[in-house]
Amino acid sequence: MLNQTIVQELLQRAFQEDSPQGDISSSQVIPEDFIGEADLVARQEGVISGIDIFAQAFGYINPQVKVERFIADGRKFDSGERLARVCGPMRAILRSERVALNIVQHMTGIATATAAFVREVEGRNIAIKDTRKTLPGLRAVQRYAVTCGGGVNHRNGLSDAVMMKDNHLAVLRALGVPVSQAIAHARTIRIDGSPVVVEVEVDDPTQIEEVLSGHPDVIMLDNFSPEDTIAAVRQIGHRAEVEASGNMTLEKVRSIADSGIDTISIGSLTHSVKGIDLGLDWAD
């Protein structure tokens, strides 16, 4: 579930950005007491996420605006399907429209993209995960949208788990510190008394044995080809969980789905996803 404080802060920032002095167009041409209705309609199929925030956006401006939702987050919908009806003072509806649509379109795009990757590994014990490649200030809602599409959240941030990436390893080499020693030290870290997950990224198969000698929890294969991914999974065996990442496409995921990989992390789910086309249509 989304933290409601985060949702309210998001709406506050969005409306402050979009209409700090109100909607001067609607206030001039729409009678203050005019009541109307509008439908949220899908222009293409997808998986919904953010329908509750969509509704809250209208109530944020005017609690007299009511939103009837016909679908719940995580559900699939078809093109042309009516997803919600908005009723109330039209000035408030028009002021809230763009903020509400921007959020639900973006979140639904993430959920829909995630669901497509999840379908590619259906029937296999593989987690489709997000990354830290999120838009500043939107991480919480983007991560929530991933779960609506059937995905799993990776670490929330740098304070949650140890993940040694290529630049960490480059610095260790410059310092002359063996990676196994760094991993052993990382395994002593505790958060609230519990050990943290220790993950190490490798971008070349020759690094695998050295990293394994430090006994990490997870090894990430960064930008490995499908053939190298399959070979690496066999080499690692069950000595660590194996995560694949780097320029993941549906075709690439399909090609490694039977490799025995445990996790596939996909940055494009959040950093470059295309929003789903949803429109708010006047209800006659």
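What counts and what doesn't
Residues numbered from 1 in each chain as written. Predicted model: local features only at pLDDT ≥ 70, side-chain atom pairs only at ≥ 80, totals over all residues. Heavy atoms only, no water. Helix = DSSP H or I, 4+ residues; strand = E, 2+ residues; numbered from the N terminus. Contact = heavy atoms within 4.5 Å. Areas by Shrake-Rupley, 256 points an atom, 1.4 Å probe, with all protein chains shown as cover. Lys, Arg positive; Asp, Glu negative; His and termini not counted. Charge placed at Lys NZ, Arg CZ, Asp CG, Glu CD. Pairing = 2+ DSSP bridges. Axes fitted to C-alpha atoms, helices over the stretch in contact; angles between N-to-C directions. Salt bridge = Lys/Arg side-chain N within 4 Å of Asp/Glu carboxyl O. Buried < 20%, exposed > 50% of the residue type's maximum accessible area, 1.4 Å probe, protein only. Patch = residues over 30% accessible without salt bridge, like charges linked within 9 Å, V, L, I, M, F, W, Y side chains within 5 Å. Arc of directions from axis to C-beta. Phe/Tyr/Trp six-rings, centres within 6.5 Å; stacked < 30°, edge-to-face > 60°. Polar contact = N/O pair within 3.5 Å; in protein donor to acceptor, adjacent residues only side chain to side chain.

Asker: Can you lay out the overall build of the protein chain for me, pointing to particular residues and giving the numbers?
Answerer: The helix and strand inventory of the protein chain stands at 11 helices and 14 strands. Taken along the three principal axes of its C-alpha coordinates, the protein chain extends 70 × 35 × 30 Å. In the protein chain, 71% of the contacts between residues at least 6 apart in sequence involve partners at least 24 apart. When the accessible surface of the protein chain is split by element, carbon and sulfur atoms take 49% of a total near 14,500 Å². Computed over 28 positive and 39 negative side-chain charges, the inter-centroid distance for the protein chain is 2 Å.

Asker: Summarise the sheet that holds strand E5 (residues 82-89); cite the residues concerned and give the values.
Answerer: Spatially, 4 strands are ordered E3-E5-E1-E14 in an open sheet, and the strand pairing comes out antiparallel. Two strands close off the open sheet at either side, each with one partner strand: strand E3 (66-69) and strand E14 (278-282). Recorded for the sheet is a direction-independent mean angle of 20° between the axes of neighbouring strands. Together, strand E1 (35-42), E3, E5 and E14 form the strand contacts of helix H3 (residues 51-61), whose direction differs from that of E3 by roughly 165°.

Asker: If you had to explain the pattern of salt bridges to someone new, which residues and values would you point to?
Answerer: Counted by the stated rule, this structure contains 10 salt bridges. The partner of arginine 85 in a salt bridge is aspartate 39, and the shortest N-O contact between them spans 2.6 Å. One end of the pair, arginine 85, is in strand E5; the other, aspartate 39, is in strand E1, and 46 residues separate them in sequence. Judged by relative accessible area, which is 11%, aspartate 39 ranks as buried. Lysine 165 is the salt-bridge partner of glutamate 201, the closest N and O atoms lying 2.9 Å from each other. Here lysine 165 lies in the loop between strand E7 (162-164) and helix H6 (166-175) and glutamate 201 lies in strand E10 (residues 198-202), a separation of 36 residues in the sequence. We classify glutamate 201 as buried; its relative accessible area is 4%. Shared partners join several salt bridges into a network, and the residues in it are Glu37, Asp39, Arg82 and Arg85.

Asker: Go over a negative patch on the surface, please, and point to the residues and values.
Answerer: Together, Asp166, Asp203, Asp204, Glu227 and Asp228 line one region of the surface with negative charge. What makes glutamate 227 exposed here is its relative accessible area of 57%.

Asker: Requested: an account of the environment of leucine 269, with residues and values cited.
Answerer: Looking at where leucine 269 falls in the secondary structure, it is placed in helix H11 (residues 268-271). In this structure, the C-alpha to C-alpha distance between leucine 269 and valine 141, residues 128 residues apart in sequence, is 12 Å. Residues in contact with leucine 269, not counting those within four places in the same chain, are Ile110, Ala113, Thr114, Phe117, Ile128, Lys129, Asp130 and Val146.

Asker: I'd love a proper account of the side chain of threonine 114, names of residues and values included.
Answerer: Its place among the elements puts threonine 114 in helix H4 (residues 90-120). In this structure threonine 114 touches Val146, Gly149, Gly150, Gly151 and Leu269, once residues within four positions along its chain are discounted.

Asker: So, helix H9 (residues 226-236): which residues are in play, and what are the values?
Answerer: Turning to H9, its buried residues number three or more, namely Thr229, Ala232, Val233 and Ile236. Along the axis of H9, the buried residues cluster in a sector spanning 100°; they form a single face. Looking at H9, the residues exposed on the side facing more than 90 degrees away from the buried face are Glu227 and Arg234. For H9, the secondary structure elements touched by its buried residues are helix H8 (208-212), strand E11 (218-222), strand E12 (241-245) and helix H10 (250-256).

Asker: Mind laying out the pairing of E1, listing which residues take part and the relevant values?
Answerer: Here E1 lies mainly inside the structure; 6 of its 8 residues are buried. The sheet contact formed by E1 and E14 spans 5 bridges and is antiparallel. By the bridge assignment for E14, valine 41 is matched with glycine 279.

Asker: Can you lay out the packing of aromatic side chains for me, pointing to particular residues and giving the numbers?
Answerer: Scanning all chains against the criterion turns up 3 aromatic pairs. Plain terms: the ring middles of phenylalanine 15 and tyrosine 60 are 5.5 Å apart, the flat faces sit at 5° to each other, and that makes the pair stacked. With phenylalanine 15 in helix H1 (residues 4-18) and tyrosine 60 in helix H3, this pair connects stretches of sequence that are 45 residues apart. With relative accessibility at 33%, the residue tyrosine 60 sits in the partly exposed group. Centre to centre, the rings of phenylalanine 54 and phenylalanine 58 are 5.1 Å apart; their planes meet at 75°, and the pair counts as edge-to-face. On the criterion of helical spacing, the pair formed by phenylalanine 54 and phenylalanine 58 is a turn pair, its members being 4 residues apart in helix H3. Pair check on accessibility: phenylalanine 54 and phenylalanine 58 agree, each one buried.

Asker: Give a detailed account of the side chain of serine 26, specifying residues and quantitative values.
Answerer: Checked against the element boundaries, serine 26 lands in helix H2 (residues 24-29). We classify serine 26 as buried; its relative accessible area is 6%. Of the polar contacts made by the side chain of serine 26, one reaches the side chain of aspartate 23; its length is 2.5 Å. Residue contacts for serine 26: discarding those within four places in its chain leaves Arg91 and Leu94.

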